[in-house]
Each structure stands twice: as structure tokens, then as C-alpha cells.
Amino acid sequence: MNDNDQDNPQYLGDGEKKEENAVKEKSFAFAVRCVKLYVYLKEQKREYDMSRQLLRCGTSIGANVREGLYAQSRADFLAKMSIAKKEAAESEYWLELLEAGGILTVEETQSMLKHCRELVKLLITICRSTGPRLF
């Protein structure tokens, strides 16, 4: 962080940007929800395969975001945020599939899908503002 960053309201005191802090908090909260949903699906619905997939990608979002916050370069940061974005898109897929397959109801997936889509949008914004568009 340089001296100008302290005067920039986009930055927090520790050098993190506000949007990075938001994605850090939202991705962690989403991971916790995925863990709880996994336990519910496993114990109550006896669903093991799709729930494991959702657990894997849903928790990976926050792990990649956290790793990206300690990136060694802008390119490294962009790579981690891009992976997090892809994991969020995959999480959205598994939630939609659990709903379409009748394992979860629309009411059960609605809030999780909203949370997931917010993460996707936030990560897209971060990726676009960090580096060149790849596609």
C-alpha cells in the first residue's frame, strides 16, 4: 500500500480494498452455509454425491479469495479471483441441479442461489477491474 491508498476511501486501513473485504466476508458466509447444507443433505435427504460437489466448490470460493488477498502480484490476485468466480458459477449449477432434481425445493434454494449469484457478480466486478478481459 502506498501513501495515496490511505486517502482513498476504496481502501481499508490494512491495505484491503472495500470490495475485497466484502467478497472475503460474503465468501466465508457462503462457505458456512454450504457446510450446513451439506450436513442437512447428507443426514436428512441421504444425498451424498451432489452435496459433496457443492461442499467442495462452495468452500473453495472463500479459500481462493483468501489466498488471493495475499497474492504476490496483480496477476496472481487475478488468477485466484478468476478461480473463485468459476467455483461460484459451479456452486450455482449444483444448487440449480439439486432443485431441478427435486432434492431441494425452490424455497430451500432461493436464498442460497441469491447469495451465490451476488458472489458471482462481485467476483466478475473484481476480475474486470483488476485485469484485462480474457473473453
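Scroll up to find the structure.
Predicted, not measured: the structure shown is a model, and the values here were computed from it.

### Structural notes on the overall build of the protein
Check the secondary structure of the protein and you find 5 helices and 0 strands. Reading the secondary structure of the protein in the N-to-C direction produces α-α-α-α-α. Taking contacts inside the protein between residues at least 6 apart in sequence as the whole, the part at least 24 apart equals 67%. Of the roughly 8100 Å² of accessible surface on the protein, 51% is carried by carbon and sulfur atoms.

### Quick look at helix α5 (residues 106-130)
Taking 1.5 Å of rise per residue, the 25 residues of α5 would be expected to cover 36 Å, and the 35 Å separating its terminal C-alpha atoms lies within 8% of that figure. Residues T109, M112, L113, H115, C116, L119, V120, L122, L123, I126, C127 and T130 constitute the buried set of α5.

### A word on the packing of aromatic side chains
Scanning the model with the defined rule gives 1 aromatic pair in all. With a centroid separation of 5.1 Å and 75° between ring planes, the pair formed by Y93 and W94 is classed as edge-to-face.

### A closer look at the nonpolar core
F30, L95 and L123 are the most contacted members of the largest nonpolar core, which has 30 residues in total. Elements represented by at least two residues in this core include exactly α2 (18-43), α3 (49-68), α4 (74-100) and α5. When residues of this core are assigned to their parent elements, the largest contribution, 9 residues, is made by α5. In contact with L123, not counting residues within four places along its chain, are V23, I61, V65, M81, A84, K85 and A88.

### A closer look at unusual backbone geometry
Located in the positive-phi region is R46, a residue other than glycine, with phi close to 55°. The residue R46 is located in the loop between α2 and α3 in this model.

### Concerning the side chain of S27
By the element assignment, S27 lies in helix α2. Here V23 takes part through its backbone oxygen, which lies 2.7 Å from a polar atom of the side chain of S27. For S27, the residues in contact, after removing those within four places along its chain, are I61, G62, V65 and L119.

### Some thoughts on the packing of α4 against α5
Viewed as axis vectors pointing N to C, α4 and α5 meet at an angle of 160°, and their least axial separation amounts to 9 Å. Comparing their axes, α5 and α4 come out roughly antiparallel. Helix-helix and strand crossings are classified by hand; for α4 and α5 the assignment is left-handed.

### Details of α4
Owing to its 3.6 residues per turn, the α-helix aligns residues three or four sequence positions apart on the same side. Helix length check: α4, at 27 residues, gives a terminal C-alpha distance of 39 Å against a target of 39 Å (1.5 Å per residue), a fit within 8%. Just downstream of α4, G102 is the residue with a positive phi angle, here 80°.

### So, the pattern of salt bridges
Scanning the entire structure with this criterion turns up 6 salt bridges. The shortest N-O distance in the salt bridge between E118 and K26 comes to 3.6 Å. You can see E118 sitting in helix α5 and its partner K26 sitting in helix α2, a full 92 residues away along the chain. Look at E118 and you get partly exposed, because its relative accessible area is 31%. By relative accessible area, K26 is classed as partly exposed at 32%.

### Overview of the packing of α3 against α4
Their axes nearest at 8 Å, the elements α3 and α4 cross at an angle of 160°. For the element pair α3 / α4, the angle class is roughly antiparallel. At the point where α3 passes α4, the crossing takes the left-handed sense. Residues belonging to the contact of α3 with α4 are distributed by class as follows: 14 nonpolar, 6 polar and 5 charged.

Parameters at a glance
- Residues numbered from 1 in each chain as written.
- Predicted model: local features only at pLDDT ≥ 70, side-chain atom pairs only at ≥ 80, totals over all residues.
- Heavy atoms only, no water.
- Helix = DSSP H or I, 4+ residues; strand = E, 2+ residues; numbered from the N terminus.
- Contact = heavy atoms within 4.5 Å.
- Areas by Shrake-Rupley, 256 points an atom, 1.4 Å probe, with all protein chains shown as cover.
- Expected span 1.5 Å × (residues − 1).
- Buried < 20%, exposed > 50% of the residue type's maximum accessible area, 1.4 Å probe, protein only.
- Phe/Tyr/Trp six-rings, centres within 6.5 Å; stacked < 30°, edge-to-face > 60°.
- Core = buried A, V, L, I, M, F, W, Y, C linked by side-chain atoms within 4.5 Å.
- Polar contact = N/O pair within 3.5 Å; in protein donor to acceptor, adjacent residues only side chain to side chain.
- Axes fitted to C-alpha atoms, helices over the stretch in contact; angles between N-to-C directions.
- Parallel < 35°, antiparallel > 145°, perpendicular 65-115°, else oblique.
- Left-handed = near helix turned anticlockwise from the far one by under 90°.
- Salt bridge = Lys/Arg side-chain N within 4 Å of Asp/Glu carboxyl O.
- Nonpolar A, V, L, I, M, F, W, Y, C, P; charged D, E, K, R; others polar.

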